[in-house]
Each structure stands twice: as C-alpha cells, then as structure tokens.
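Understanding the architecture of this molecule
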Amino acid sequence: MSSAEAAPQAIPQASPLYKRIVLKLSGESLQGPQGYGIHAETVHASAKELKEVRDLGVEVAIVVGGGNIFRGTRQKSLAIERATADHMGMLATVINGLALQDALEKQGCFTRLMSAVEMQRVAEPFIRRRATRHLEKGRVVIFAAGTGNPYFSTDTAAALRAMEIKAQVIVKATRVDGIYDADPEKVPTAKMYDRLSYMDVLTQSLGVMDSTAISLCKDNKLPIIVFNLNKAGNIRRVVMGEKVGTMVSAG
C-alpha cells in the first residue's frame, strides 16, 4: 500500500485546558441522598471521576468541607462559642478527607491528606512546598481543616490554597448546574448565568462563595467555575475546557 493509501492516523486527544486545579468539595456533596454523614456510593463515584481526571495529567488538589458532619453556624441550639464551633467543623473536614483519601487510593490514586491543624498520626501538616511537590509527583492532595483558623470558611481556604500552590482555577462542586439569580431548588424559573465578574457576585450577593474567598480570587485574578457534581463526567469536561456551569472571572 502506497503512502498515499496508508490508513489515517488516530487524532490525538486534546490536552486539558487546566494543568493544576483546586476542587472545592462541600461536606454536603459527600452525604448523597441520605442527607447526612458520608454516603459510600457518592464518595466512590467522586473518587472514580477524580482518578479519570488525574489520568489526563491534571494535578488535582481538593479542599473538603465538613457540613455533612458538623456546621457551627447551624448549631444555634447548642449555643457553642463561635471559635469552638469552627474548630469542631475543622475536625469534621479531616474525617471527610480521610474517607475521600481511602476512596481515591482504592481507585489506584496516590493521595496525601494535609491538615492545617497538626495531627501527625492521621495527616501531614500543610507545608506549601511539600504540597506542590506531591502534585508534581502525580499525587492527589486533599487539604483539610480549612485555614486552621476560626472565622474563615473552607471557601476561603480553597482560595488561599489555590494561590499558594499556583493553581490555574478553582472548580466548585455544587448540587445545581451553576450560579443562578435565585435558588433553583426553590424557584423553578431561576435563571442560570453563563459568566459573571467577581464584582457581580459580590454586589448581587449571589452566595456561591463567601465574600472573603471571592475577594481573594478577584485580587489575584483566579477564575472560579461552579458546576454540578451530580452529573457524571462534569469534572473532566471542566478541565478539558468544555462549556460547563458558570465561570466567574475578571470580566
């Protein structure tokens, strides 16, 4: 067969748009349909998708929340002092981080759990250069215990860690398709935005992330993509640059 008649070569798969990401996972995203705690099937499904993204060559860091176990702002009846409640929430994120680490390792992902609150028997202390090195070696890194300080949310922790490790984007997993002008779970006619500026989010109080986190991203021009975690393959679509969810950027 002549060269002109040779079988066409397969077109190589497009490379990911983002090479290093921070995925913000709320505690609620791990509770699945049961509405509390850790739902095994949900955690393992998320781990499988993260493994697929890691196999594309994307360096993945995860900031995990703890609202499925304890959320201080919802425990008003306990009358717990705010700093104490926030520390309880930090410990809840470590529990979630351990569950996610186990699920990822069962998928064959080398994983490191790093805590902002030192507890060396269960997690490494957060050290910026060590975290970056783990990512460069292909390990998934889970950041737990928020920033290690009360009065700061895990959203703020996601923004801070993203700056520290020089991530290209924050991808925030939610239960809906993106950012809406009203709660789509309560208002069927709510309109979803394709794109917003940081100032739009702040001035309209859209509540996708707290104002401290949005301001940090604004000051450092770090884009945020808000998407639906419950749709299979969405994490991969985001890192490949497909139009998914709502993009928050400088304009």
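Heads up: the structure comes first, above all this text.
Residues numbered from 1 in each chain as written. Predicted model: local features only at pLDDT ≥ 70, side-chain atom pairs only at ≥ 80, totals over all residues. Heavy atoms only, no water.

This brings us to helix H2 (residues 82–106). Along its 25 residues, H2 runs 37 Å from first to last C-alpha, staying within 8% of the 36 Å computed at 1.5 Å per residue. Backbone nitrogen of Ala-83 and a side-chain oxygen of the N-cap are separated by 3.1 Å at the start of H2; the cap is Glu-81. Just downstream of H2 lies Gly-108, where phi reads positive at about 90 degrees. (Helix = DSSP H or I, 4+ residues; strand = E, 2+ residues; numbered from the N terminus. Expected span 1.5 Å × (residues − 1). Polar contact = N/O pair within 3.5 Å; in protein donor to acceptor, adjacent residues only side chain to side chain.)

Running from amino to carboxyl end, helix H4 (residues 154–165) crosses helix H6 (residues 211–220) at an angle of 20 degrees, the nearest separation of the two axes being 7 Å. One way to sum up the angle between H4 and H6 is to call them roughly parallel. As for how H4 packs across H6, the hand of that crossing is left-handed. Along its contact with H4, which presents Asp-155, Thr-156, Ala-159, Leu-160 and Met-163, the element H6 presents Thr-212, Ala-213, Leu-216, Cys-217 and Asn-220. (Axes fitted to C-alpha atoms, helices over the stretch in contact; angles between N-to-C directions. Parallel < 35°, antiparallel > 145°, perpendicular 65-115°, else oblique. Left-handed = near helix turned anticlockwise from the far one by under 90°. Contact = heavy atoms within 4.5 Å.)

For the rest of this paragraph, the subject is the pairing of strand S1 (residues 20–25). Counted residue by residue, S1 has six buried out of six residues, so it is predominantly covered. Burial of S1 is two-sided: the residues Arg-20, Val-22 and Lys-24 facing one way and the residues Ile-21, Leu-23 and Leu-25 facing the other way are all buried. Two elements, S1 and strand S2 (residues 59–64), share six bridges in a ladder whose sense is parallel. Its bridge partner lying in S2, Leu-23 is registered against Ile-62. Between S1 and its parallel partner S2, the chain crosses via helix H1 (residues 40–55), and the hand of that crossover is right-handed. Judged from the four bridges that link them, S1 and strand S6 (residues 169–174) form a sheet pairing that is parallel. Within S6, the residue paired with Val-22 across the bridge is Ile-170. (Buried < 20%, exposed > 50% of the residue type's maximum accessible area, 1.4 Å probe, protein only. Pairing = 2+ DSSP bridges. Right-handed = clockwise from strand over helix to strand, strands pointing away.)

The end-to-end C-alpha separation of H4 is 16 Å, in line with the 16 Å expected for twelve residues at 1.5 Å each. Within H4, nine of the twelve residues are buried, which leaves the element mostly enclosed by the surrounding structure. Of all the positions in H4, only Thr-154, Asp-155, Thr-156, Ala-157, Ala-158, Ala-159, Arg-161, Ala-162 and Ile-165 are classed as buried. Sitting at the amino-terminal end of H4 is Ser-153, which places a side-chain oxygen 3.2 Å from the backbone nitrogen of Asp-155. Among the residues trailing H4, Lys-166 stands out with phi positive, at a value near 60 degrees.

Bringing the packing of H1 against H2 into the picture now. Remark: H1 packs on H2, axes separated minimally by 9 Å, with the N-to-C direction vectors making an angle of 55 degrees. Between H1 and H2, the crossing angle belongs to the class labelled oblique. You can see that H1 and H2 cross each other, and the crossing is right-handed. Here Val-43, His-44, Ala-47 and Leu-50 of H1 lie close against H2, whose contacting residues are Ala-99, Leu-100, Ala-103, Leu-104 and Lys-106. Of the residues that constitute the contact of H1 with H2, the class distribution is seven nonpolar, one polar and one charged. (Nonpolar A, V, L, I, M, F, W, Y, C, P; charged D, E, K, R; others polar.)

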